Amino acid sequence: AQSVTQLGSHVSVSEGALVLLRCNYSSSVPPYLFWYVQYPNQGLQLLLKYTTGATLVKGINGFEAEFKKSETSFHLTKPSAHMSDAAEYFCAVSSSGGSYIPTFGRGTSLIVHP
Amino acid sequence: DAGVTQSPTHLIKTRGQQVTLRCSPKSGHDTVSWYQQALGQGPQFIFQYYEEEERQRGNFPDRFSGHQFPNYSSELNVNALLLGDSALYLCASSPSWDIGSYEQYFGPGTRLTVT
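Keep in mind that this is a model prediction, so the values were computed, not measured.

Undergrad: Before we move on, could you go through the overall build of chain A and cite the residues and values that matter?
TA: Across its full length, chain A carries 0 helices and 11 strands. Ordered by position in the sequence, the α and β elements of chain A form the string β-β-β-β-β-β-β-β-β-β-β. For 114 residues, the compact-globule estimate of 2.2 N^0.38 gives 13 Å, and chain A sits close to it at 14 Å. Within chain A, buried positions represent 45% of all 114 residues. Long-range pairs, those at least 24 residues apart, make up 57% of the contacts in chain A with a sequence separation of at least 6. Accessible area of chain A: about 5,300 Å², with a carbon and sulfur share of 54%. The averaged location of the 6 negative side-chain charges in chain A is 7 Å from the averaged location of its 7 positive side-chain charges.

Undergrad: Before we move on, can you summarise the state of the cysteines with the specific residues and values?
TA: All names here are of chain B. Using the criterion set out here, one finds 2 disulfides over all chains in the structure. Disulfide pairing is shown between Cys23 and Cys91; the S-S distance is 1.8 Å. In this structure, the disulfide formed by Cys23 and Cys91 twists by about -60° around the S-S bond and is classed as left-handed. Here Cys23, found in strand β3 (residues 19-24), pairs with Cys91, found in strand β9 (residues 87-94); they are 68 residues apart in sequence, far enough to count as distant. With a relative accessible area of 3%, Cys23 lands in the buried category. Residue classification places Cys91 among the buried positions, given a relative accessible area of 0%.

Undergrad: Provide a residue-level description of the packing of aromatic side chains, including the pertinent values.
TA: Both the distance between ring centres and the angle between the ring planes are used here to describe each pair of aromatic rings. All told, the structure shown has 11 aromatic pairs over all chains when counted by the stated rule. Pairing Tyr36 of chain A with Phe104 of chain A gives two aromatic rings, centres 5.6 Å apart and planes at 45°, and the pair type is tilted. Taken as a pair, Tyr36 of chain A in strand β4 (residues 31-38) and Phe104 of chain A in strand β10 (residues 103-104) lie far apart in primary sequence, 68 residues in all. By the burial criterion, Tyr36 of chain A is buried, and Phe104 of chain A matches it. Ring centres of Tyr35 of chain B and Phe106 of chain B lie 5.5 Å apart, and the angle between their planes is 45°; this geometry places the pair in the tilted category. Taken together, the residues span a long stretch of sequence, with Tyr35 of chain B in strand β4 (residues 31-37) and Phe106 of chain B in strand β10 (residues 105-106) at a distance of 71 residues. Exposure class is identical for Tyr35 of chain B and Phe106 of chain B. Each is buried. Cation over ring: Lys26 of chain B sits above Tyr105 of chain B, and NZ or CZ is 5.0 Å from the ring centre.

Undergrad: Which residues make up the pattern of salt bridges, and what values do they have?
TA: Residue and element names in this part refer to chain A. On inspection of all chains with the given rule, the structure shows 6 salt bridges over all chains. One salt bridge in this structure joins Asp85 and Lys78, with 2.9 Å as the shortest N-O distance. Judged by relative accessible area, Lys78 falls into the buried class, the value being 6%.

Undergrad: If you had to explain the interface of chain A and chain B to someone new, which residues and values would you point to?
TA: Counting residues at the interface gives 19 residues for chain A, matched by 22 residues for chain B. For the pair chain A and chain B, the two sides together bury roughly 1,600 Å², of which 56% comes from carbon and sulfur. Our count for the chain A to chain B interface comes out at 0 salt bridges. Taken together, chain A and chain B are joined by 2 residue pairs in polar contact (both at pLDDT 80 or more). Put simply, the parts of the chain that give the side of chain A that touches chain B at least two residues each are β4, β5 (44-50) and β9 (87-95) of chain A. Tallying contributions element by element places β4 of chain A first for the side of chain A that touches chain B, with 4 residues. Looking at side-chain class alone, the side of chain A that touches chain B contains 10 nonpolar, 7 polar and 2 charged residues.

Undergrad: Go over the pairing of strand β7 (residues 64-68) of chain B with me, naming the residues and quoting the values.
TA: Residues and elements named next belong to chain B. Pairing analysis gives 5 bridges linking β7 to strand β8 (residues 74-78), with the strands arranged antiparallel. Bridge pairing in β8 places His67 opposite Glu75. Where β7 folds back onto β8 in an antiparallel hairpin, the turn is made up of 5 residues, including Tyr72, whose phi is positive at roughly 80°.

Rules of the game
- Residues numbered from 1 in each chain as written.
- Chains lettered and ligands numbered in written order.
- Predicted model: local features only at pLDDT ≥ 70, side-chain atom pairs only at ≥ 80, totals over all residues.
- Heavy atoms only, no water.
- Helix = DSSP H or I, 4+ residues; strand = E, 2+ residues; numbered from the N terminus.
- Rg over C-alpha atoms; globule rule 2.2 N^0.38 Å.
- Buried < 20%, exposed > 50% of the residue type's maximum accessible area, 1.4 Å probe, protein only.
- Contact = heavy atoms within 4.5 Å.
- Areas by Shrake-Rupley, 256 points an atom, 1.4 Å probe, with all protein chains shown as cover.
- Lys, Arg positive; Asp, Glu negative; His and termini not counted.
- Charge placed at Lys NZ, Arg CZ, Asp CG, Glu CD.
- Disulfide = S-S within 2.5 Å.
- Phe/Tyr/Trp six-rings, centres within 6.5 Å; stacked < 30°, edge-to-face > 60°.
- Lys NZ or Arg CZ within 6 Å of the ring centre and 35° of its normal.
- Salt bridge = Lys/Arg side-chain N within 4 Å of Asp/Glu carboxyl O.
- Buried area = accessible area lost by both parts, 1.4 Å probe.
- Polar contact = N/O pair within 3.5 Å; in protein donor to acceptor, adjacent residues only side chain to side chain.
- Nonpolar A, V, L, I, M, F, W, Y, C, P; charged D, E, K, R; others polar.
- Pairing = 2+ DSSP bridges.

And the structure:
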C-alpha cells in the first residue's frame, strides 16, 4: 500500500521569498516520487520526479525536491517565488515494482503575495 | 503538437443517466490513463488502456468502463450516474504503460456535474 500526505492545504508566501511545500509518503517498496502543478482550468504538468540515483532532483521553473528516505519525505522548494507560481501543487508516489498506479496527495494551494 | 485533448469541456447530467467522455492522446503516445479529481482532492486513478485493453484499474466500480481505439484515442463511460460522480475527469497519455517511470501528459479535463 502507498499513501501521500501533503502538509498544509494552503501555503502563502511573499514574492521573492522561499517556497517550501511539504510531502511525506509511505510505500512498502522503493518509491517513484513526483510533483505536479495545476493551474486553474488546466490539467496537471510534471514539475519533477525521482526514480533512482541522485536524491536532489531539479525540475522546471526553478523548482527542486530532495528525496529523504530516512524521513520518507520529498519536499518541494524554490528559492524565490514569482507571482506566476501561484497554483495547486500535487505530490504523488508510485511503486518501482509491479503496479505503477500513482497515488496523489490532496494538493497544496500556493498563494503568492506582491 | 496539440497535446492531450478532451471533450467535452463541461457536461451536466441527471442522476441515473449515462455519460461518455473522450480523449485524444499526445502524438506518439500509445497509453491512456483516466483519473477522477473531486473538488479539493488530488486525482484518483480510474484505469489505464494500452493496446486497446484495460491494463490496470483503480478502486472504482464496474459502472466505470472504457475503451481504446486503434488510433489510441479513448473513451470513459460512466453508467447509472450518482451525485458523487461529479468531478473533473482527467485523461493522461504516456509513451509507455510504465506510468511510474515515464512522464504522463494531462489534458485539461472534462468537468462533469450530476444533478
